[in-house]
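So you can see what is in the structure, the chains are spelled out below.
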Amino acid sequence: MLVLTSQEMQELDSLVIKGLGISGEVLMERAGLGVVQTIEENFPADRFKKVLIVCGPGNNGGDGFVCARHLWDLGYSVKCAVLAKEDKYKGEAKTNFELVKKLGIEYFTVNTFGEFKEVIKNFFPDLVVDAIFGTGLKREVGGIFGEVVKWINEDFRSAGGKVIAVDIPTGVCASTGRVLGVAVKADFTVTFEYPKLGHYFYPGKEFCGELKVVKISFPLRYVEEFAPKRFFLDESYGKKVLKKRCGYVHKGTFGHVAVLAGSRGKSGAGFLTALGALKSGAGLVTLISTETLQKIYCSMLPEALTVGLKENEYGEIALSEADRLCEELNKRSVVVIGPGLGLSEEMKELVKKVLLEVEKPFVIDADALTLVAKMPEVLKDGCKVGAVLTPHPGEAIRLLNKSKEEVMGDRLNATKLLASFLGKGCALLKGPHTVVVSTDGREGISSIDEPGLAQGGNGDVLAGIIGSLIAQKYDLFEATTIGVLIHGLAGKLLAKTRGDFGFTAKEVAEALPLVIKELLNEEKYYR
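Okay, so let's go over this structure.

Criteria and cut-off values
- Residues numbered from 1 in each chain as written.
- Predicted model: local features only at pLDDT ≥ 70, side-chain atom pairs only at ≥ 80, totals over all residues.
- Heavy atoms only, no water.
- Helix = DSSP H or I, 4+ residues; strand = E, 2+ residues; numbered from the N terminus.
- Buried < 20%, exposed > 50% of the residue type's maximum accessible area, 1.4 Å probe, protein only.
- Contact = heavy atoms within 4.5 Å.
- Salt bridge = Lys/Arg side-chain N within 4 Å of Asp/Glu carboxyl O.
- Arc of directions from axis to C-beta.
- Pairing = 2+ DSSP bridges.
- Axes fitted to C-alpha atoms, helices over the stretch in contact; angles between N-to-C directions.
- Phe/Tyr/Trp six-rings, centres within 6.5 Å; stacked < 30°, edge-to-face > 60°.
- Lys NZ or Arg CZ within 6 Å of the ring centre and 35° of its normal.
- Parallel < 35°, antiparallel > 145°, perpendicular 65-115°, else oblique.
- Left-handed = near helix turned anticlockwise from the far one by under 90°.
- Nonpolar A, V, L, I, M, F, W, Y, C, P; charged D, E, K, R; others polar.
- Core = buried A, V, L, I, M, F, W, Y, C linked by side-chain atoms within 4.5 Å.
- Right-handed = clockwise from strand over helix to strand, strands pointing away.
- Polar contact = N/O pair within 3.5 Å; in protein donor to acceptor, adjacent residues only side chain to side chain.

**What to know about the environment of glycine 502**
- Relative to the elements of secondary structure, glycine 502 occurs in the loop between helix H20 (476-498) and helix H21 (505-521).
- A residue is classified by how much of its surface remains accessible, and glycine 502, at 53% relative accessible area, is exposed.
- Here glycine 502 is in contact with Gln455 and Glu507, once residues within four sequence places are set aside.

In structure tokens:
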């Protein structure tokens, strides 16, 4: 399944109508019927008899008129509040408005909020259908539209009423999830053909309620040739991309991950990264850190190899060890660099040398991201084989030198900007529904929104997983997207068995084999 922006959906809509000749009337009819089916299944007429359909001035309003016609035919008591002058409706929206009139379905054209209140004075509904604005909305919701939205949220819902949104709740930006002034709080949202980014990105997601995607006659095999390569990272994606193991194999078959991590007071980061790499299937893992931590790592994780290097006054790997370090890293398949590494000027120079001189793919995480934010040019000057950047929002803000509002207000664009630092590779932006963008144009949106993963150490585990998958010869985008997915599914499994939060990053790593088993063998653990 793909996930689209508003503009991309409009382009595919036009492709189907103009390129294939499937009429807008057919698409609108199918869309309205999809909403009606959801209403029948969840809000039956014997309990939700009175339905108010609030229609805006465009095609979203046209979808509302289709709903009105079919709900009326099913025995619901229907009224339409039309928030536009009748001459505003064109094309298929006008056609369906005329059908409402011919059938004698009650409608009221309202120009002020006072007129709207008159409509509902003697008809307080059980269900409101929000067909005011759809995915094309770009401006803030104000005037009568804003007042009606506030009535839906504050008066109607507080009285126990239910709301179903057509395509996307009015006021939610379909491309970013931003709230444009005010937004309808829906119990269900019915969208068409593909979900939109705004259905998953916060704060918009909080307004959508339960999301249902209905098909409206797009020939998918045709349309997806023209759609962006932005994948929804769910179980079906994992089953397609994750490879089963077969034939004659040995530990060398599955690569050797170098984990360059850890410093005084930050030993756990290296351990968790290495554990994530081992639990997701790397053949070998070498933990490279200071001599002091080498002894600790040997006892914590005997399955990992270790290399101990001299340390500086801050308990970090000493810059004097740079040549030896590069030599060690060039022996491995992939380098995960950064978890707990340290942030001194000396470490900055060490990271710079490694990125410029080691000819292996990198997973750049944690402290290494903070350091390269001060010298972003090394990402293109170095990382010749490719790299994966793995920032959380705070690290992304430093890398991009942008405000929190700019980064979180458009997470897809922020991730594209992060990827632009690289000559080859991909970037992810962590959080609910993590975003992944590759320099070759592929994109991914995680299906996972698991609050229990918001705990220290989980980013270290994820970096290890991605490094492991690169070592297993997945390309950088596949490794990153599969890594994000199985990490999220491990959190989902633990939330089911342990509770919504309180499970640790170590437990997430230890759950990985069960999750991978499910994806490969279709056994269900986290249902």
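Text resumes after the structure shown.
**Notes on the pattern of salt bridges**
- What the rule picks out here adds up to 24 salt bridges.
- Close ionic contact of lysine 212 with glutamate 41 constitutes a salt bridge, the shortest N to O distance being 3.2 Å. A residue pair is termed long-range when its members are at least 10 positions apart, and lysine 212 in strand E7 (residues 210-214) and glutamate 41 in helix H2 (residues 24-42) qualify at 171 residues.
- Take lysine 212: its relative accessible area is 23%, and that puts it in the partly exposed class.
- Residues aspartate 167 and lysine 196 are paired through a salt bridge, measuring 3.7 Å at the closest nitrogen-oxygen approach. You can see aspartate 167 sitting in the loop between strand E5 (162-166) and strand E6 (188-192) and its partner lysine 196 sitting in the loop between E6 and helix H7 (205-208), a full 29 residues away along the chain.

**With respect to helix H18 (residues 411-419)**
- Taken together, the buried positions of H18 are occupied by Arg411, Leu412, Ala414, Thr415, Leu418 and Ala419. Projected onto a plane normal to the axis of H18, the buried residues spread over an arc of 160° and lie on a single side.

**Here's the deal with the sheet that holds strand E1 (residues 50-55)**
- Across the sheet, seven strands lie side by side as E3-E2-E1-E4-E5-E6-E7; this open sheet has parallel pairing. Both edges of this open sheet fall to strand E3 (106-109) and E7, since each of them pairs with a single strand only. Averaged over all neighbouring strand pairs, the angle between strand axes comes to 20°, with direction disregarded.
- Across the sheet, helix H6 (residues 143-156) touches E1, strand E4 (127-131) and E5, and the angle it forms with E4 is around 155°.

**Considering the packing of aromatic side chains**
- Across all of its chains, the model carries 16 aromatic pairs by this definition.
- Pairwise contacts between aromatic rings join Phe113, Phe116, Phe124, Trp151 and Phe156 into one cluster.
- One cation-aromatic arrangement involves lysine 215 over tyrosine 194; the distance from NZ or CZ to the ring centre is 5.4 Å.
- Above the plane of the ring of phenylalanine 201 lies arginine 411, whose end atom (NZ or CZ) is 4.9 Å from the centre.

**Structural notes on the sheet that holds strand E12 (residues 334-337)**
- An order of E8-E17-E16-E15-E14-E13-E12-E9-E10-E11 is seen for the ten strands of this open sheet, with the pairing classed as mixed. The sheet is open, and its two borders are formed by strand E8 (230-233) and strand E11 (305-309), each paired with just one other strand. Geometrically, the sheet is characterised by an average inter-axis angle of 15° between neighbouring strands, direction not taken into account.
- Bridging between strand E13 (residues 362-364) and strand E14 (residues 387-389) involves three bridges; their strand directions are parallel. Its bridge partner being in E14, isoleucine 364 is matched across the sheet by leucine 389.

**Here's the deal with the packing of H2 against helix H3 (residues 59-73)**
- Across the interface, H2 lies against H3 with an axial gap of 8 Å and an inter-helix angle of 55°. As the angle between them shows, H2 and H3 are arranged oblique. The handedness of the crossing between H2 and H3 comes out as right-handed. Residues Met28, Glu29, Ala31, Gly32, Leu33, Val35, Val36 and Ile39 of H2 pack against Asn59, Gly62, Asp63, Val66, Cys67, Arg69, His70 and Leu71 of H3.
- Here the residues of the contact of H2 with H3 are counted per class, giving nine nonpolar, four polar and three charged.

**Here's the deal with the nonpolar core**
- Counting residues in hydrophobic clusters, the biggest one holds 58 residues, and the most contacted among them are Val257, Ile466, Ile470 and Ile486.
- By residue number, the principal contributor to this core is H20, which donates twelve residues.
- In this structure, isoleucine 486 is in contact with Ser280, Ile465, Leu512, Val515, Ile516 and Leu519, ignoring residues within four places of it in sequence.
- Listed in part, the 51 residues of the second largest apolar core include Val307, Val354, Phe362 and Ala387.

**Observations regarding the side chain of aspartate 460**
- Mapped onto the secondary structure, aspartate 460 falls in helix H19 (residues 458-471).
- Non-local contacts of aspartate 460, meaning those with residues more than four positions away in its chain, are made with Ala269, Leu272, Thr273, Pro339 and Asp365.

**Brief notes about the pairing of strand E2 (residues 77-82)**
- Counted residue by residue, E2 has five buried out of six residues, so it is predominantly covered.
- In this region the chain leaves E1, passes through H3 and returns to the parallel neighbour E2; the handedness of that crossover is right-handed.
- The sheet contact formed by E2 and E3 spans four bridges and is parallel. Across the sheet, the residue bridging to lysine 79 is glutamate 106, located in E3.
- A crossover links E2 with its parallel partner E3, the connecting element being helix H4 (residues 91-103), and its sense is right-handed.

**Some remarks on the environment of threonine 273**
- By the secondary structure assignment, threonine 273 is in helix H10 (residues 267-279).
- Assessed through its relative accessible area of 0%, threonine 273 is described here as buried.
- Between the C-alpha atom of threonine 273 and that of threonine 481, which follows or precedes it by 208 residues, the distance is 17 Å.
- Apart from the residues lying within four places of it in its own chain, the contact partners of threonine 273 are Val259, Val336, Pro339, Asp460, Ala463 and Gly464.

**Observations concerning unusual backbone geometry**
- Each neighbour pair has its own omega, and for tyrosine 202 with proline 203 the value is 5°, a cis peptide bond.
- The phi dihedral of aspartate 167 is positive, around 80°, even though this residue is not glycine.
- Taking the relative accessible area as the measure of exposure, aspartate 167 reaches 10% and is therefore buried.

**Here's the deal with the side chain of aspartate 367**
- One can find aspartate 367 in helix H14 (residues 366-372).
- At 3.1 Å, the side chain of aspartate 367 and the side chain of lysine 266 are in polar contact.
- Within polar-contact distance, the side chain of aspartate 367 engages the backbone nitrogen of glycine 342 at 2.7 Å.
- In this view, aspartate 367 contacts Lys266, Gly338, Gly340, Leu341, Gly342 and Leu343; residues no more than four positions away in its chain are not counted.

Take it as geometry only, folks, not as evidence of what the structure does.
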